[in-house]
Amino acid sequence: FPSAPIGSVVPAGGVPIAAGENFRTLWEFKNYIASGAVSYPEPDVTNCGGVTSFIKIARLAEAFNLPVTSHGAHDITVHLLAACPNRSYLEAHGFGLDRYIEHPLKLEHGMALAPAGSGHGVNFDWSALGRGAAKGRQDRTRYRSTLHTRTRACAVPTRAAPPQDTAPQRHN
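Just so it is clear, the model here is predicted, and its values are computed rather than measured.

## Remarks on the environment of Ile 33
Within the secondary structure layout, Ile 33 lies in helix H3 (residues 26–34). Ile 33 sits in the buried class, given a relative accessible area of 4%. Among all residues touching Ile 33, those that are not within four sequence positions of it are Val 38, Pro 41, Leu 60, Ala 61, Phe 64 and Leu 66.

Rendered as structure tokens:
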């Protein structure tokens, strides 16, 4: 997106704009922030280059007196936002991954709580992953069985076709 026309939306519309969940570089955020095209820079740690880039984007937003929000990977970005003085909102997705994480994100009184331990805090619940894998194997077996049945019902006996002469034809 070109930043100049988009930079006119925030002042003209009077509505705060969060953007950047699909940006890949600090440069893209710089263009949007410097042109006034965004009210809430919204990096996604899985898209923007990781933890270091996320923090650089947050610091850039802070230099322009903007709050930073997040997109996706909420079990990791809760830690990153906790480290940002200009943090605002944590976007939390309900993809069902919480059942595979030992200590999923906790919300209290409308606030996300960053775990007190060191590191990113995401530890897998290996027994839950094992149960999920077993269920996935059962589902795949059931699908393959159905697919195999359907394929056999539609199968037509074939014979290998005789080889074709693939030499280029000359036209005089």
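Moving on, there is more to tell.
## Let's talk about the nonpolar core
If you look at the biggest cluster of nonpolar residues, it comprises 19 residues, and the most contacted ones within it are Phe 29, Tyr 32, Ile 33, Val 38, Cys 48, Phe 54 and Val 68. Those elements giving two or more residues to this core turn out to be H3, helix H4 (51–63) and helix H5 (74–82).

## Observations regarding the side chain of Asp 75
Considering the arrangement of structural elements, one finds Asp 75 in helix H5. Buried charge without a salt bridge: Asp 75, with Lys 106 as the nearest opposite-charge side chain at an N-O distance of 11 Å. A polar side-chain atom of Asp 75 sits 3.0 Å from the main-chain amide nitrogen of Leu 105. Each residue touching Asp 75, except ones within four places of it in the same chain, is listed here: Asp 98, Ile 101, Pro 104, Leu 105, His 120 and Val 122.

## Let's talk about the packing of H3 against H4
Contact geometry for H3 and H4: axes closest at 10 Å, N-to-C directions at 15°. Taken together, the axis directions place H3 and H4 in an arrangement best described as roughly parallel. The chirality of how H3 crosses H4 is right-handed. Across the interface between the two elements, Leu 26, Phe 29, Lys 30 and Ile 33 of H3 pack against Lys 56, Ile 57, Leu 60 and Ala 61 of H4. Here the contact of H3 with H4 is built from residues that sort into six nonpolar, no polar and two charged.

The rules we used
Residues numbered from 1 in each chain as written. Predicted model: local features only at pLDDT ≥ 70, side-chain atom pairs only at ≥ 80, totals over all residues. Heavy atoms only, no water. Helix = DSSP H or I, 4+ residues; strand = E, 2+ residues; numbered from the N terminus. Buried < 20%, exposed > 50% of the residue type's maximum accessible area, 1.4 Å probe, protein only. Contact = heavy atoms within 4.5 Å. Core = buried A, V, L, I, M, F, W, Y, C linked by side-chain atoms within 4.5 Å. Lys, Arg positive; Asp, Glu negative; His and termini not counted. Salt bridge = Lys/Arg side-chain N within 4 Å of Asp/Glu carboxyl O. Polar contact = N/O pair within 3.5 Å; in protein donor to acceptor, adjacent residues only side chain to side chain. Axes fitted to C-alpha atoms, helices over the stretch in contact; angles between N-to-C directions. Parallel < 35°, antiparallel > 145°, perpendicular 65-115°, else oblique. Left-handed = near helix turned anticlockwise from the far one by under 90°. Nonpolar A, V, L, I, M, F, W, Y, C, P; charged D, E, K, R; others polar.

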